[in-house]
Amino acid sequence: MDKITFFSRFKADILAGKKTITLRDEGESGVIAGQRLPVYTLEEERWFCDIHIIAVQEIEFDALSEKEAQQENMSLEQLKAVIQEIYPGIRQLYKISFELC
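Our next topic: the pattern of salt bridges. If you walk through the whole model with that rule in mind, you get six salt bridges. Between D50 and R36 there is a salt bridge whose closest N-O contact spans 3.2 Å. Taken together, the residues D50 in strand β4 (residues 47-60) and R36 in strand β3 (residues 36-41) connect sequence positions 14 residues apart. The exposed category is assigned to R36, whose relative accessible area is 55%.

Looking at chain direction, β3 and β4 are connected through five bridges and run antiparallel. If you follow Y40 over to β4, its bridge partner there is W47. Hairpin connection, β3 to β4: the antiparallel pair is bridged by five residues, and E45 has positive phi, about 55°. Direction of pairing for β4 relative to strand β5 (residues 92-100): antiparallel, over a ladder of nine bridges. Note that in β5 the partner of V56 across the bridge is I96.

Bringing the environment of M1 into the picture now. Tracing the backbone shows M1 in the segment before β1 (4-6). With a relative accessible area of 39%, M1 lands in the partly exposed category. Sequence separation between M1 and S29 is 28 residues; the distance between their C-alpha atoms is 8.7 Å. Apart from residues no more than four positions distant in its own chain, M1 is found in contact with E28, G30, V31, Q35 and L37.

According to the stated counting rule, one finds two aromatic pairs in the structure shown. Aromatic pair F6 and F98: ring centres 5.8 Å apart, planes at 55°, arrangement tilted. Highlighted residues: F6 in strand β1 and F98 in strand β5, separated in sequence by 92 residues. Ring geometry for F7 and F10: centres 6.4 Å apart, planes at 65°, overall edge-to-face. Exposure remark for F10: the relative accessible area of 10% places this residue in the buried category. Directly above the ring of F7 sits R9, whose terminal nitrogen or CZ lies 4.9 Å from the centroid. Sitting over the face of the ring of F6, R24 holds its NZ or CZ atom 4.8 Å from the ring centroid.

About the thresholds
Residues numbered from 1 in each chain as written. Predicted model: local features only at pLDDT ≥ 70, side-chain atom pairs only at ≥ 80, totals over all residues. Heavy atoms only, no water. Salt bridge = Lys/Arg side-chain N within 4 Å of Asp/Glu carboxyl O. Helix = DSSP H or I, 4+ residues; strand = E, 2+ residues; numbered from the N terminus. Buried < 20%, exposed > 50% of the residue type's maximum accessible area, 1.4 Å probe, protein only. Pairing = 2+ DSSP bridges. Contact = heavy atoms within 4.5 Å. Phe/Tyr/Trp six-rings, centres within 6.5 Å; stacked < 30°, edge-to-face > 60°. Lys NZ or Arg CZ within 6 Å of the ring centre and 35° of its normal.

Okay, here's the thing in structure tokens:
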């Protein structure tokens with residue numbers, strides 16, 4: 001991948017350092033630790049920062065915990081609802097940890 005996109009609603013949390021992971025499906029898991037990526041809004045394709053990928057780990061939907069919810073800056077209930085909205089019925093996710101450049 002040569003860029004990554006996020007819904008516009010997550011932009012403020014990313015820029016504030018409150019959102020430090022993203023959970024993606026296999027098709028969007030093609031990043032590697034150490035990679036630097038430009039970040040764009042999904043809706044407008046507008047660049048707003050660059051991130052450094054720290055780690056990529058497989059995680060089961062049922063194994064999501066308060067830790068991941070905190071890293072996403074939301075409650076566990078909100079996190080699971082958002083994931084099911086974006087990826088209905090998904091069981092296997094990829095946790096991509098990142099920091100602002």
